[in-house]
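Spelled out, the chains give:
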Amino acid sequence: MRSKNEDYFRLIEDYINEYKDKNGSTPTIREIESGIGLSKSTVSRYLSYMRDNGQISYAGHRNITTKESMKTRTETVKVPVLGVVSCGVPKYAEENIEEYVRLPVALFGRGDFFILRANGDSMIDADICDGDLVLIRQQNYADKGQIVVALTGDEATLKRYYPEPKNHRIRLHPENTKLDDIYVDDCIIQGVAVKVIKELV
């Protein structure tokens with residue numbers, strides 16, 4: 001390779017890391033070229049040199065791993081934030097996706113997840129407070145006593161799930177001693193709560 005510009009190495013690596021943090025995947029050569037203002041041939045030449053010298057792992061289209069990402073590499077899942085679920089009087093759960101977040105598999109596990117923003121105080125004794133983000137594993141069944149997102153009609157609520165087959169009903173239990181249980185003939189389980197993500201005060 002012709003004489004190397006050390007700034008180009010740093011420029012390319014920084015761009016790849018920033019692009020991946022923002023988009024969840026690495027950029028193409030054309031995107032690197034456009035992003036840092038170097039020609040495609042220069043970018044290709046530097047990437048090849050960086051790969052040959054162990055500065056990056058380069059396995060083709062959108063598959064570049066830098067030293068920084070090798071150190072911090074962790075498998076993540078992309079999870080949509082869907083909006084508000086009631087923790088008080090059942091309230092319609094807006095299905096509009098507000099944004100996507102990436103969560104590490106090592107901390108949150110695998111599965112199809114979505115996040116809902118808690119609204120109300122009916123689950124405060126389970127440490128789910130107004131404004132908390134609740135990670136929900138998407139599934140249509142639950143075990144007795146699990147906290148679920150239950151859909152009754154067109155309204156969703158976050159409660160503990162207690163089926164009562166002898167009485168042909170389901171008891172949805174709020175974790176707040178000031179509130180009464182909700183009894184329904186049937187409900188659709190949209191998912192089971194697995195984690196609460198909250199801000200420390």
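Residues numbered from 1 in each chain as written. Predicted model: local features only at pLDDT ≥ 70, side-chain atom pairs only at ≥ 80, totals over all residues. Heavy atoms only, no water.

Peer 1: So what's going on with the confidence of the model for the protein? Which residues, and what values?
Peer 2: In this model, the protein carries an average pLDDT of 85, and 89% of its residues clear a pLDDT of 70 or more. Here helix α4 (residues 67-71) is the element of the protein with the lowest mean pLDDT, 70, and strand β9 (residues 169-173) is the one with the highest, 97. (pLDDT = per-residue confidence, 0-100. Helix = DSSP H or I, 4+ residues; strand = E, 2+ residues; numbered from the N terminus.)

Peer 1: Before we move on, could you go through the packing of aromatic side chains and cite the residues and values that matter?
Peer 2: Enumeration according to the criterion identifies four aromatic pairs in this entry. Ring centres of Y8 and Y46 lie 5.3 Å apart, and the angle between their planes is 65°; on these two criteria the pair is classed as edge-to-face. In this pair, Y8 sits in helix α1 (residues 6-23) while Y46 sits in helix α3 (residues 40-52), placing the two residues 38 residues apart along the sequence. For Y8, a relative accessible area of 26% gives the class partly exposed. Considering the side-chain rings of Y15 and Y19, the 6.1 Å spacing of their centres and the 40° angle between planes classify their relative orientation as tilted. (Phe/Tyr/Trp six-rings, centres within 6.5 Å; stacked < 30°, edge-to-face > 60°. Buried < 20%, exposed > 50% of the residue type's maximum accessible area, 1.4 Å probe, protein only.)

Peer 1: So, the packing of α1 against α3: which residues are in play, and what are the values?
Peer 2: Close contact between α1 and α3 brings their axes to 11 Å; oriented N to C, the two are set at 90°. One element, α1, and the other, α3, form an angle in the roughly perpendicular class. Residues Y8, F9, I12, E13 and I16 of α1 lie in contact with α3, whose contacting residues are T42, Y46, L47, Y49 and M50. Of the residues belonging to the contact of α1 with α3, the class tally is eight nonpolar, one polar and one charged. (Axes fitted to C-alpha atoms, helices over the stretch in contact; angles between N-to-C directions. Parallel < 35°, antiparallel > 145°, perpendicular 65-115°, else oblique. Contact = heavy atoms within 4.5 Å. Nonpolar A, V, L, I, M, F, W, Y, C, P; charged D, E, K, R; others polar.)

Peer 1: A description of a negative patch on the surface should follow, citing residues and the corresponding values.
Peer 2: Taken together, the side chains of D14, E18, D21 and E68 define an acidic patch exposed on the protein surface. The leading source of residues in the negative patch is α1, at three residues. Here E68 shows up in helix α4. Residue E68 is classed as partly exposed on the basis of its relative accessible area, which comes to 42%. (Patch = residues over 30% accessible without salt bridge, like charges linked within 9 Å, V, L, I, M, F, W, Y side chains within 5 Å. Areas by Shrake-Rupley, 256 points an atom, 1.4 Å probe, with all protein chains shown as cover. Salt bridge = Lys/Arg side-chain N within 4 Å of Asp/Glu carboxyl O. Lys, Arg positive; Asp, Glu negative; His and termini not counted. Charge placed at Lys NZ, Arg CZ, Asp CG, Glu CD.)

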